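In case you want the letters, here they are:
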Amino acid sequence: MADNFLSKVRHELRYASRTFLLGVRKGVFTKSNVDAMEAVKQGGATVGCKSKEYVVLATLKRAASELSSSQQKIFRADDGIGVAISGLTADGTAAIRALRQDCTSHSFTFQSQVEVCRLAGRIADKWQVVCSQRSGSRPSGVGLLIAGRDMRGCHLYQVCPSGNLYDHVAAAIGARSQASKTYLEKFQVQMDNFSLQDLILLALRALKEATSEPLTKETCTVAVVGVEIPFRVLNEDELSSPLAKLTTDTQ
Amino acid sequence: MIPTRVSHNPIIGPGVVPFGVDPAYDAQYKLNQAPRSHVASHGQGKPFTVEPGPHQRTQYPYVTGTTVLGCKYKDGVMIACDTLCCYGSTKRYKSVERIKKVNSSTIISFTGELSDFHYIVSLLEELDTTDYCEDDGSELAPWEIHSYLCRVMYNRRNKFDPLWNSLVVAGVKHGRTFLGTVGMIGQHYEDSHLAAGFGNHMARPLFREKHTDDMSEEDARKLMEDCLRACLMRDKTMMNKFQIAKVTAGGLEISEPFQVPMNWGYEKFKDPTKHAVGAW
Amino acid sequence: MSGIGTGYDLSTTTYSPDGKVFQVDYACKAVDNGGLALGIKCSDGVVLGVEKLLPFKMLVPGSNRRIAPVDRHAGMAGAGLAPDARQIMSRARSECANYKSFYGDKIPSKILADRMANYLHMFTLYWSVRPFGAAVLLAVRDPATGKYELYLLEPSGECQRYHGMAIGKGRQAAKNEVEKLKLGEMSCLEAVKEAARIIVTTHDEKDKDYECELAWICDDSGGEFKKVPKDIADEAIAAAKRALEDDDAMDAD
């Protein structure tokens, strides 16, 4: 019995040690870089949702110790593009650097902002090659939610370590994100016409589903971008009113 | 390679050594300047000789187009030019379409070297194909194409290998009318009317006098034809076969070639020396 | 599959004792498990259709396309792993652009298919890479002859020209349906309807939601590879769904 178990573990490990190979899991044929997808699930939840005119990103943040500040999880890539990460933060910052470089080189050449879908597509393609089809490098252990606006409106993209790319109305990644997703699904139709305040509140409520602790200024970050407004992270003052509404919800 | 010399002669400046100061250097310099015969590395084919002197890139254009005019008007923007490309001063190619469609909202025209323009068009085609393949409904805007061309032209000039053109980019997108130009060394500007090439001297004054941004299409076309005529009568590398292209929010249109009415029979043209004594 | 656990499936550089390269087999398996993709070559063009399975509920409709042009005269439909299919398409775009810049003309269909097959094949030869988990259908209008052609490119690097083909989930049923069609006499307009019908009928109801994506390259589209215009596509899909419901109702009776 034990032997059997050990051989199974060994077998799993063999695939796991070569992340780029095609492998067999639970009878389903998948890429073996599901481990990288697991890494995404280790990170605190990250939620994104959009209406016609705005996109909102919200993340949980947690300080590593009482003496440290919390890890930044939402980044600005360009005036109209922001990125939230979940998973290994170091991989995330590397991805952000690549995204920023892409934005800068596009705006240097064309003096305009890059199309969000093409930006997301390029990073997804890069991850497909470098991280999941070739040996010699591991998959990036981070999931991205890219929020942005361009001439064609607002967009919310999710990029997985496998190179999968999804264009979402609303999405959640990271630990216990399933609860957030389920919550967001209820508003899928109405969301389109939400005002910015409503959308922020929705994102926070969805985020709330993914954690057992209360949401405070210290434990969450919210960022917005819209057709008319550039990307920015909300400061503590702006957060206080939606957070106050959130607490009245629970009472 | 000529060895790099360090000289700090205050009159001559650093790095320059005049003949006679260092005989060894002079000898090396002469050797480098002497014609050398080359034989292909595989030992076959005719040997050839390379002229002495430094490596040279494009020194002058060969087949050139002249004046391009452009102006904005109420509903859009139009550009005009003739269909001639000259080999030196020979009117060599008389039916060259010098205005090209870049994408559904942008047109481009050129003065200067025809072959360099072909190269530029191939670059833009590649960009447009990329847009087509993405198939997400977005296309480069005229100002983006202008900006791209500025980068290309400036980059090439910095390699001391300029593309010998002045380009005019015109288009309408997202309710914005664009008219811009970029030159062979990367100098660029936008304006509500502009001219590239010789027309800069001939047509701009007329535009400045009569052009307004809110003029109707007929007025703009008439002004354009006046400017073309003014250029045509003074520029020997121009001919009376023109095209006007216009871009509006509704799309773009490049006209069939047409002529402008001309008159060379003015009294003072008949005996030019009579009114300019001593000029001939 | 006998390869599992034997160690012969850990690299494309190892054959199994019965002469198989298991990594390539797995790649084909990945294609077979992805949504259906089918191609129909008719008298005046080629129609490509894809059954795009939706892994999430909150996706933007019509996003994450599985069919895309690779040049003005060529397009691809991918089955299998989506990122891999994207990669193949992006390579095809480079091949087209490269040919164009070197020879100044559009890439001929045969050369594009050959080059892409070579590309896919390269990934079955080396230890350091894995084969693509995607197969693509390639529809091209040959620039010299003006004829429309349909190719299938597989992860193994195989490349064949077809009149009609289906890959992915439910391919067998779809292939049977395609074989029944009179391809030589059909116009693309009719083929679009047939493609929609086949995709809708072969869709496995156990599966999640799906979208039916249709594209064509034909005289109607000006010899350029394009999405089937929305009104025509919507109508074809709606008609197919209606027919399916009617069938179900009949069966129930």
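Here the structure is a predicted model, which means the values were calculated and not measured. Once a new chain begins, its residue numbering starts again from 1 and follows that chain's sequence as written. Lettering for chains starts from A, numbering for ligands starts from 1, and both go in the order in which the items are written. Local features in a predicted model are, by the rule used here, given only for residues with pLDDT of at least 70; side-chain atom pairs are given and counted only at 80 or more, and totals for whole chains, interfaces and linings are based on all residues.

Draft legend 1. Main features of the overall build of chain A. Within chain A one finds seven helices and twelve strands. Note on contacts: residues are paired as contacts if their backbone-placed C-beta atoms lie within 7 Å. Long-range pairs, those at least 24 residues apart, make up 65% of the contacts in chain A between residues at least 6 apart in sequence. Where helices and strands are cited, they refer to DSSP runs of H or I of at least four residues and of E of at least two residues respectively, numbered from the N terminus.

Draft legend 2. Summary view of the nonpolar core. Core membership is restricted to buried Ala, Val, Leu, Ile, Met, Phe, Trp, Tyr and Cys residues, and these are joined into a nonpolar core through C-beta atoms within 7 Å. Our exposure labels follow a C-beta count within 10 Å of each residue's own C-beta, placed from the backbone: buried means 20 or more other C-beta atoms, exposed means 12 or fewer, and partly exposed covers the counts in between. V47, L137, L138 and V192 of chain C are the most contacted members of the largest nonpolar core, which has 79 residues in total. Every residue in contact with V192 of chain C, bar those within four places of it in the chain, is listed here: V47, L214, W216, V228, I232, A233 and A236 of chain C. One finds V40, Y166, L204 and L207 of chain A within the second-largest nonpolar core, a separate group that totals 70 residues.

Draft legend 3. Representation of the interface of chain C and chain A. The interface of chain C with chain A comprises 27 residues on the first partner and 30 residues on the second. Those elements that place two or more of their residues in the side of chain C that touches chain A are α1 (22–33) and α2 (82–103) of chain C. Classifying every residue of the side of chain C that touches chain A gives 13 nonpolar, nine polar and five charged. Each residue gets one label: Ala, Val, Leu, Ile, Met, Phe, Trp, Tyr, Cys and Pro are nonpolar, Asp, Glu, Lys and Arg are charged, and the others, such as Gly, are polar.

Draft legend 4. Looking closely at the interface of chain A and chain B. Each partner contributes to the interface: chain A provides nine residues, whereas chain B provides ten residues. For the side of chain A that touches chain B, the secondary-structure elements that each account for two or more residues are α3 (89–110) and α4 (116–133) of chain A. Looking at the side of chain A that touches chain B residue by residue, the classes come out as three nonpolar, three polar and three charged.

Draft legend 5. α2 of chain C, seen in detail. Residues and elements named next belong to chain C. In a helix, the anticipated span is given by 1.5 Å times the number of residues less one. The terminal C-alpha atoms of α2 lie 31 Å apart, and with 22 residues this matches the ideal 32 Å at 1.5 Å per residue to within 8%. Turning to α2, its buried residues are A82, P83, D84, A85, R86, Q87, I88, M89, A92, R93, E95 and C96. Looking one or two residues beyond α2, the residue adopting positive phi is G104, at roughly 75°.

Draft legend 6. The sheet that holds strand β10 (residues 170–173) of chain A, seen in detail. Residue and element names in this part refer to chain A. Strand pairing requires that DSSP identify at least two bridges connecting the strands. Strand order in the open sheet formed by five strands is β10-β3-β4-β11-β12, and the pairing between neighbours is antiparallel. Two strands lie at the open edges of the sheet, namely β10 and β12 (232–233), each paired on one side alone. Pairing of strand β11 (residues 220–226) with β12, which is carried by two bridges, proceeds in the antiparallel orientation. If you follow A223 over to β12, its bridge partner there is V233. Fitted lines through C-alpha atoms give the axes, limited to the stretch in contact for helices. The angle between two N-to-C directions lies from 0 to 180 degrees. The sheet contacts of helix α5 (residues 177–185) involve β3 (46–50) and β10, and relative to β10 the element is tilted by about 170°. The strands that helix α6 (residues 196–209) touches are β3, β4 (54–60), β10 and β11; relative to β4, the one it contacts most, it runs at about 30°.

Draft legend 7. Main features of the confidence of the model for chain A. Residue and element names in this part refer to chain A. Confidence in the prediction of chain A, expressed as mean pLDDT, is 86, and 85% of residues score 70 or more. Known as pLDDT, the predictor's per-residue confidence is scaled from 0 to 100. The model gives residues 1–13 a pLDDT under 50, and that stretch makes one contact with residues more than four places away or in other chains. Counting contacts from residues 25–32, a segment whose pLDDT is below 50, to residues more than four positions away or on other chains yields 19 contacts.

Draft legend 8. The arrangement of helix α2 (residues 114–134) of chain B in detail. Residues and elements named next belong to chain B. The first and last C-alpha atoms of α2 sit 30 Å apart over 21 residues, in line with the 30 Å expected at 1.5 Å per residue. All of the buried residues along α2 are L114, D116, F117, I120, L124 and C133. Residue D135 follows α2 closely and has a positive phi angle near 55°.

Draft legend 9. How the structure looks around the sheet that holds strand β3 (residues 67–71) of chain C. Residues and elements named next belong to chain C. Read from one edge to the other, the open sheet built from five strands follows the order β3-β4-β5-β6-β7, with strand pairing classed as antiparallel. The sheet terminates laterally at β3 and β7 (159–162), the two strands that pair on one side only. When strand polarity is set aside, the average angle formed by the axes of neighbouring strands in this sheet is 25°. Where strand β4 (residues 74–80) and strand β5 (residues 134–141) come together, seven bridges link them in antiparallel fashion. Bridge pairing links A79 to A135 in β5. Against the sheet, helix α3 (residues 109–122) makes contact with β4, β5, β6 (148–153) and β7, and its axis sits at roughly 5° relative to β6, the strand it touches most.

Draft legend 10. How the structure looks around unusual backbone geometry. One non-glycine residue with positive phi stands out, namely Q111 of chain A, at about 50°. Within the chain, F160 of chain B stands out as a residue other than glycine whose phi angle is a positive 60°. Assignment of secondary structure puts F160 of chain B in the loop between α3 (142–158) and β10 (165–173).

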